[in-house]
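Notes for the structure review
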Amino acid sequence: MAPKIAPVEASAELPAQTEVAVIGGGIVGLAAALVLAERGIPVTVLEKGRIAGEQSSRNLGWVRKTSRAPADLPLALAADRLWAELPARTGRDVGYRQAGIMFLARSEAELQAHETWLGSVNGLGLGSRMLGAAEIGALVPGGAGSWAGGVFTPSDGRAEPTLAASTIAAAAIAKGAKIIEGCAVRGLQTSGGRVSGVVTERGEVTCNAVLLAGGLWSRRFLGNLGIALPALPLTCSVFRTASMEGPTDIAVGGPDFSFRKHADGGYVITQRGALSCPLVADHLLIGMRYLHLLRDQRGLLRITVNRQSLDDLRLKRRWRQDRPSPFETVRVMDPPTIPTLNEEALANLSAAWPAFAGARIEEAWAGTMDITPDSNPVIGPAARIPGLTLATGFSGHGFGTAPAAGQLAADLVTGAPPLVDPAPYRLERF
Ligand SMILES: Cc1cc2nc3c(=O)[nH]c(=O)nc-3n(C[C@H](O)[C@H](O)[C@H](O)COP(=O)(O)OP(=O)(O)OC[C@H]3O[C@@H](n4cnc5c(N)ncnc54)[C@H](O)[C@@H]3O)c2cc1C
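Everything quoted here is computed from the prediction, not taken from an experiment. (Residues numbered from 1 in each chain as written. Predicted model: local features only at pLDDT ≥ 70, side-chain atom pairs only at ≥ 80, totals over all residues. Heavy atoms only, no water.)

1. Some details on the overall build of the protein chain
- Of regular secondary structure, the protein chain possesses 13 helices and 21 strands.
- For the protein chain, whose C-alpha radius of gyration is 21 Å, the value lies close to the compact-globule estimate of 22 Å for 430 residues.
- Dimensions of the protein chain, computed from the C-alpha atoms along their principal axes, are close to 65 × 45 × 40 Å.
- Relative to its 430 residues, the protein chain shows a buried fraction of 58%.
- Carbon and sulfur atoms make up 55% of the accessible area of the protein chain, which amounts to about 16800 Å² in all.
- Charge centroids of the protein chain, computed over 42 positive and 39 negative side chains, lie 4 Å from each other. (Helix = DSSP H or I, 4+ residues; strand = E, 2+ residues; numbered from the N terminus. Rg over C-alpha atoms; globule rule 2.2 N^0.38 Å. Buried < 20%, exposed > 50% of the residue type's maximum accessible area, 1.4 Å probe, protein only. Areas by Shrake-Rupley, 256 points an atom, 1.4 Å probe, with all protein chains shown as cover. Lys, Arg positive; Asp, Glu negative; His and termini not counted. Charge placed at Lys NZ, Arg CZ, Asp CG, Glu CD.)

Below, the structure written as structure tokens:
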């Protein structure tokens, strides 16, 4: 089950034409649609299932610069500014709070990794700093863990995934965007060598540009067009506690747990030290490109063969546009929650901060992320098909940058001056 998002009044009718067709109603596609609509450009978002039904409602809600690659930081800094402006643009508070993010290290080796990151962003003015055990205790009282130290960025924060995407969607609709749910895009139409429309399960929509913001599905969509996008699925289990007296407003990531305060007064918790990796064919096809990540994160992956693996095997990799596509087979990717991972997270967290020992679990869910080989997204043109732009592969940290990623994608689609230098996000880097 996914957490429930605030409902959106989507359009029932598919328009015959638009200027920009956005494939995917996750937070990235919706943020792009809002920018386009604000600029008076006709835009239609086509979503196979429900708005934000996949990653964008299931994530932890962290908005962070800490531990990001230096090349990804201009986008994250732009996103901080855009999160702060969102209430004025949308008329609603989406729970954005710059309460800080802290990552903890148990061992000297873990601490060294944080120090190396801090050294790599020296001079960027993030305000991040290393912490000793005493300072951790002062910032997050009531702890019983033993820490070698940590890294802390006071200007990092959080927002509520269950509010953000639908608020952005509602604002885009109010500015003239059309959003269609339950409408899978099967493929593209081209004429004169460039994009001229999209073929959906409900008919065609002519357009001058297409933005593919399909999350986990972008690799399959592009594969059918003969374009290779390296992105692999990884699944994370999460739970939310009932409202409780917690130790801090800061979001804290330990080696084997993380927690952050939820707007309802509870905490959103996960096992940071373990991700579930149900094997799918793509792991075998392109897994070798990820060996460097595996070396750095030994023990992180729990490889399994489960329902997700079998479902994936049955899904087509090639299809005709006049036949149902895989996107109609899986309306909403809803992977099974792994209760043992959630139990581990709560046990590890309770050992570190005993205040969590009595926490009551209100809801639990899982979400599948799309990870690229360098853990950074692709935002830019698909050069082989003029008129097609990609904004995808957000690698488990695209919620925080979404307002900026959407704006950058909208800039690139329309040839406007880009919000930040898009060079780090080119598809050609792979
Ligand atoms: C458990 C979990 C925790 C996370 N925690 C964080 C965090 O704390 N901070 C952070 O920054 N990020 C986090 N992330 C990552 C973040 O959620 C994603 O990077 C972000 O939501 C990606 O947004 P998106 O719009 O690209 O993708 P999605 O939200 O997956 O949206 C893509 C949409 O495209 C639709 N679609 C795909 N193909 C088609 C098609 N052919 N036709 C029509 N529709 C289509 C899909 O149905 C889907 O709704 C987490 C992710 C998960 C799963």
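2. A closer look at the environment of L388
- Its place among the elements puts L388 in strand β21 (residues 388-392).
- With relative accessibility at 2%, the residue L388 sits in the buried group.
- Separated by 177 residues in sequence, L388 and L211 place their C-alpha atoms 6.0 Å apart.
- Aside from chain neighbours lying at most four places away, what touches L388 is L188, V195, V210, L212, L222, L225, P381 and A382. (Contact = heavy atoms within 4.5 Å.)

3. Side note on the side chain of S218
- Assignment of secondary structure puts S218 in helix α7 (residues 218-223).
- Contacts of S218, omitting those with residues within four sequence positions, involve L212, A213, L229 and T392.

4. Let's talk about the site of the ligand
- In the vicinity of the ligand there are 37 residues, among which E47, S56, W62, G398 and G400 approach most closely.
- Between the ligand and E47, the relevant distance is 2.7 Å, taken from an oxygen atom to a side-chain nitrogen or oxygen of the residue.
- Residue G396 places a main-chain N or O atom 3.3 Å away from a nitrogen atom belonging to the ligand.
- Starting from 1000 Å² of accessible surface for the ligand in isolation, the protein chains cover 98%.
- Mapped onto the shell around the ligand, the elements with two or more residues apiece are α1 (27-38), α2 (55-58), β13 (232-241), β19 (361-371) and α13 (398-414).
- Its residues assigned to classes, the shell around the ligand shows 18 nonpolar, 15 polar and four charged. (Near = heavy atom within 4 Å. Polar contact = N/O pair within 3.5 Å; in protein donor to acceptor, adjacent residues only side chain to side chain. Nonpolar A, V, L, I, M, F, W, Y, C, P; charged D, E, K, R; others polar.)

5. Remarks on the pairing of strand β4 (residues 101-105)
- Most of β4 sits inside the fold, with five of its five residues counted as buried.
- On β4, burial covers both faces: I101, F103 and A105 on one face and M102 and L104 on the other are all buried.
- With three bridges joining them, β4 and strand β14 (residues 251-254) adopt parallel strand pairing. When the bridges of β14 are listed, M102 appears paired with V252. (Pairing = 2+ DSSP bridges.)

6. A word on the pattern of salt bridges
- In the structure shown here, the tally under the stated rule is 27 salt bridges.
- Residue R39 is joined to D411 by a salt bridge in which the shortest nitrogen-to-oxygen separation is 2.7 Å. Of this pair, R39 sits in the loop between α1 and β2 (43-46) while D411 sits in helix α13, placing them 372 residues apart in sequence.
- For R39, a relative accessible area of 37% translates into the label partly exposed.
- As a salt-bridge pair, R331 and E201 come within 2.6 Å of each other at their nearest N and O atoms. Pair noted here: R331 is in the loop between α11 (326-329) and α12 (339-352) and E201 is in the loop between β10 (194-200) and β11 (203-206), with a separation of 130 residues, a long-range link.
- Relative accessible area serves as the criterion here: at 24%, E201 is assigned to the partly exposed category.
- Overlapping salt bridges bring together R240, R360, E362 and E363 as one network. (Salt bridge = Lys/Arg side-chain N within 4 Å of Asp/Glu carboxyl O.)

7. Here we look at α1
- Its 12 residues give α1 an end-to-end C-alpha distance of 16 Å, which sits within 8% of 16 Å, the value for a rise of 1.5 Å per residue.
- Counting buried positions along α1 gives 11 out of 12 residues, so the element sits mostly inside the fold.
- All buried positions along α1 are accounted for by I27, V28, G29, L30, A31, A32, A33, L34, V35, L36 and A37.
- Note on α1: the residue one or two positions beyond its end, G40, has a positive phi of about 80°. (Expected span 1.5 Å × (residues − 1).)

8. A closer look at empty space enclosed by the protein
- Applying the stated criterion across every chain, the model contains one cavity of 30 Å³ or more.
- Looking at the largest cavity, the residues that line it are A31, L34, V35, L86, R89, I168 and P403.
- Looking at the lining of the largest cavity, the elements that each hand over two or more residues are α1 and α3 (73-90). (1 Å grid on protein atoms, 1.4 Å probe; cavity = no way out; pocket = protein on both sides within 12 Å on 5 of 7 lines; lining within 4 Å. Points joined across faces, edges and corners; volume = space filled by probe spheres on them.)

9. Notes on the packing of α1 against α13
- Packing of α1 against α13 leaves a shortest axis separation of 7 Å and a crossing angle of 50°. With respect to α13, the axis of α1 lies oblique. The chirality of how α1 crosses α13 is right-handed. Listed contacts from α13 to I27, V28, A31, A32, V35 and L36 of α1 are F399, A402, P403, G406, Q407, A410 and T414.
- For the contact of α1 with α13, the residue count by class is 10 nonpolar, three polar and no charged. (Axes fitted to C-alpha atoms, helices over the stretch in contact; angles between N-to-C directions. Parallel < 35°, antiparallel > 145°, perpendicular 65-115°, else oblique. Left-handed = near helix turned anticlockwise from the far one by under 90°.)

10. Looking at the layout of surface pockets
- One number sums up the size of the second largest pocket: a volume of about 520 Å³.
- If you go around the second largest pocket, you meet 31 residues; those closest to its centre are L216, W217, R220, D282 and D312.
- For the lining of the second largest pocket, the secondary structure elements donating two or more residues are α7, β13, α8 (281-286), α10 (307-314) and β19.
- The residue makeup of the lining of the second largest pocket, split by class, is 15 nonpolar, six polar and 10 charged.

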